[in-house]
Amino acid sequence: MASENITASEYIGHHLQNLTFGHLPERGWTLAHDAKEAAEMGFWAIHLDSMFFSVVLGAVFLYIFRKAATSVSSGVPGCLQNFVEILVEFVDKSVKETFHGRNPLIAPLALTIFCWIFLMNLMDLLPVDLLPRIAGEMGVHFLKVVPTTDPNVTLGMSLSVFALIIYYSIKVKGVGGFLGELTLHPFGKWMLPFNLLLEGVGLIAKPISLALRLFGNLYAGELIFILIALMYTAGAVVGTLGGVLQLGWAIFHILVIVLQAFIFMMLTIVYLSMAHEDNH
Amino acid sequence: MNLNATLIGQAIAFAVFVLFCMKYVWPPVTAALAERQKKIADGLDAADRAKRDLELAQASAADQLRSSKEQAAKIIEQANKRANQIVEEAKEQAMAEGQRLKAAAQAEIEQDVNRAKEALRGQVAVLALAGAEKILGASVDEKAHSELVSKLAAEL
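Residues numbered from 1 in each chain as written. Chains lettered and ligands numbered in written order. Predicted model: local features only at pLDDT ≥ 70, side-chain atom pairs only at ≥ 80, totals over all residues. Heavy atoms only, no water.

Per an unreviewed UniProt entry, chain B goes by the name ATP synthase subunit b and belongs to Proteobacteria bacterium 228. Entered under Sequence similarities (unreviewed entry) in the UniProt record, the comment concerning chain B runs "Belongs to the ATPase B chain family." (UniProt positions renumbered as here; feature names shortened; annotations may be inferred.)

An unreviewed UniProt entry lists chain A under the name ATP synthase subunit a, with Pokkaliibacter plantistimulans as the source organism. Per UniProt, chain A has the following entry under Function (unreviewed entry): "Key component of the proton channel; it plays a direct role in the translocation of protons across the membrane." Taken directly from UniProt, the Sequence similarities (unreviewed entry) text for chain A runs: "Belongs to the ATPase A chain family."

Here it is in structure tokens:
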């Protein structure tokens, strides 16, 4: 809850500030105390909260799946194995429908993306003040719980996917084939600069749209949760209304969470499938 | 909302997680899935085979049943025929035996009658002689008249 002594905009700003660790000219390597300091740290700073939650959630995902994988049997599956198998089959089916080449990386990549992003998105359903308040009691002043509301996180993943797209494009089609695809389509070699512009924008747009779609959806969702949380300070009636709104938005958000994880996964598969296909 | 090294950290974490998933999670699970699929396919196959076997066995059992019924009917028919034959034979035998017995009895009776006749004849001869002796009052020489007496007895 917002305390009485800070304004609404301070409350929102506080919630949208990552715990940033970086180098400041006057104080050396340290944690940023406010948004201005965090901005001053430049590129070589790191959001400890985003990294912490994303790594922990990724580890949770891998721990559960590894546990199921070590005790896996082809007989009657247990609860955990059933659950894991459903996800694996679902991802495998999605990959097989879209991606027609043979590549042992794609399916595990898709599974990791789906489960990891889903878990990171799921943090959005925790009450907005719960973890930041606990962290505040422990002396950590900024905490952004949902890693996917940090564009660094989404861009980090989408740029990795982008690197894979470039890698497989060159591996499958050769450097010449890849450059040819960029420059000789769709208008033939006499329109080379125009083609390059068109295809280049299309190529660059892939990771940017991938990252920003996820970030935008989750950031907006988080922001609305914060705004609804503000209503709790405005008296009993508005507070009750806020509770109802919070519940409704959370239920709706369950859909968004799964959908965004699924979209990121599907688009990754589609992009990599396009990278493997020779005919343009 | 600054772009910073978090991006790189996230990319590294992403790569590590994907590699881990690819090496240690995906293969065992998909292998188990494939194995189970194979097991189920095998099981269905076996069930199909067993069903076919059962059908064959049922068909052969019905066949055997039918043929044994036929055989039984044939045997019963033969037995009936044979029984009739035996009865017929027995009848014939009995009849023949009866005839034989009858003939034997008749022959015996005839013999008895003849014997009685013979005896009677003898006695008549003796009586005739005695009568004649009395009538003639003299003894008849049995030796001299035996030819006459036996002739007489034969005529009686």
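Now that the structure is up, let's keep going.
A. Here's a closer look at helix α4 (residues 79-98) of chain A. End to end, α4 of chain A covers 29 Å across 20 residues, agreeing with the expected 28 Å (1.5 Å per residue, within 8%). Taken together, the buried residues of α4 of chain A touch α3 (48-70), α5 (106-122) and α9 (235-276) of chain A together with α1 (6-136) of chain B. (Helix = DSSP H or I, 4+ residues; strand = E, 2+ residues; numbered from the N terminus. Expected span 1.5 Å × (residues − 1). Contact = heavy atoms within 4.5 Å.)

B. Structural view of the UniProt feature "transmembrane region" (unreviewed entry) in chain B. Within this structure's numbering, the places UniProt gives as "transmembrane region" (unreviewed entry) are residues 6-26 of chain B. Each end of residues 6-26 of chain B is marked by a C-alpha atom, and these two atoms are 27 Å apart; helix forms 100% of the span and strand 0%.

C. Representation of the pairing of strand β2 (residues 28-31) of chain A within the structure. Residue and element names in this part refer to chain A. Sheet topology note: the strand β1 (residues 20-24)/β2 ladder contains four bridges and is antiparallel. Bridged to Leu 24 within β2 is Gly 28. Counting the residues in the hairpin turn of β1 and β2 gives three residues. (Pairing = 2+ DSSP bridges.)

D. Focus on empty space enclosed by the protein. Summed over the entire model, instances satisfying the criterion amount to one cavity of 30 Å³ or more. As for the largest cavity, its lining consists of Met 123, Leu 126, Pro 127, Val 128, Leu 131, Val 145, Val 146 and Glu 222 of chain A. (1 Å grid on protein atoms, 1.4 Å probe; cavity = no way out; pocket = protein on both sides within 12 Å on 5 of 7 lines; lining within 4 Å. Points joined across faces, edges and corners; volume = space filled by probe spheres on them.)

E. Expanded view of the pattern of salt bridges. Residue and element names in this part refer to chain B. One pass over the structure, following the stated rule, counts 10 salt bridges over all chains. Of the charged contacts in the structure, one is a salt bridge between Lys 38 and Asp 42, with a shortest N-O distance of 3.4 Å. Within this pair, Lys 38 and its partner Asp 42 are both found in helix α1, separated by four residues, close to a single helical turn. Since its relative accessible area comes to 41%, Asp 42 is described here as partly exposed. Residue Arg 115 pairs with Asp 112 through a salt bridge whose shortest N-O separation is 3.2 Å. In this pair, Arg 115 and Asp 112 both sit in helix α1, three residues apart, roughly one turn of the helix. The class of Arg 115 is exposed, set by a relative accessible area of 52%. (Salt bridge = Lys/Arg side-chain N within 4 Å of Asp/Glu carboxyl O. Buried < 20%, exposed > 50% of the residue type's maximum accessible area, 1.4 Å probe, protein only.)

F. A look at the UniProt feature "coiled-coil region" (unreviewed entry) in chain B. Summarizing the sequence annotation, UniProt attributes the feature "coiled-coil region" (unreviewed entry) to residues 62-107 of chain B in the numbering used throughout. Regarding residues 62-107 of chain B, the helix share stands at 100% and the strand share at 0%, and the terminal C-alpha atoms are separated by 66 Å.

G. Main features of the interface of chain B and chain A. The interface is formed by 29 residues belonging to chain B together with 53 residues belonging to chain A. Taken together, both faces of the contact between chain B and chain A bury some 3600 Å²; the carbon and sulfur share is 74%. It is Gln 10, Phe 14 and Trp 26 of chain B in chain B that bury the most area against chain A; as a group they hold 20% of the surface buried on that side. Across the chain B-chain A interface, the total number found is one salt bridge. When the shortest N-O distance is used, the salt bridge between Arg 36 of chain B and Glu 85 of chain A registers 2.8 Å. In this assembly, chain B and chain A are joined by 13 residue pairs in polar contact (both at pLDDT 80 or more). (Buried area = accessible area lost by both parts, 1.4 Å probe. Polar contact = N/O pair within 3.5 Å; in protein donor to acceptor, adjacent residues only side chain to side chain.)

H. Representation of the sheet that holds β2 of chain A in the model. Residue and element names in this part refer to chain A. On the basis of which strands lie adjacent, the open sheet formed by three strands has the order β2-β1-β3 and antiparallel pairing. The outermost strands of the open sheet, each flanked by one partner alone, are β2 and β3 (45-47). Adjacent strand axes in the sheet meet at a mean angle of 20°, parallel and antiparallel pairs treated alike. Inspection of the sheet shows β1 paired to β3 by three bridges, in the antiparallel sense. (Axes fitted to C-alpha atoms, helices over the stretch in contact; angles between N-to-C directions.)

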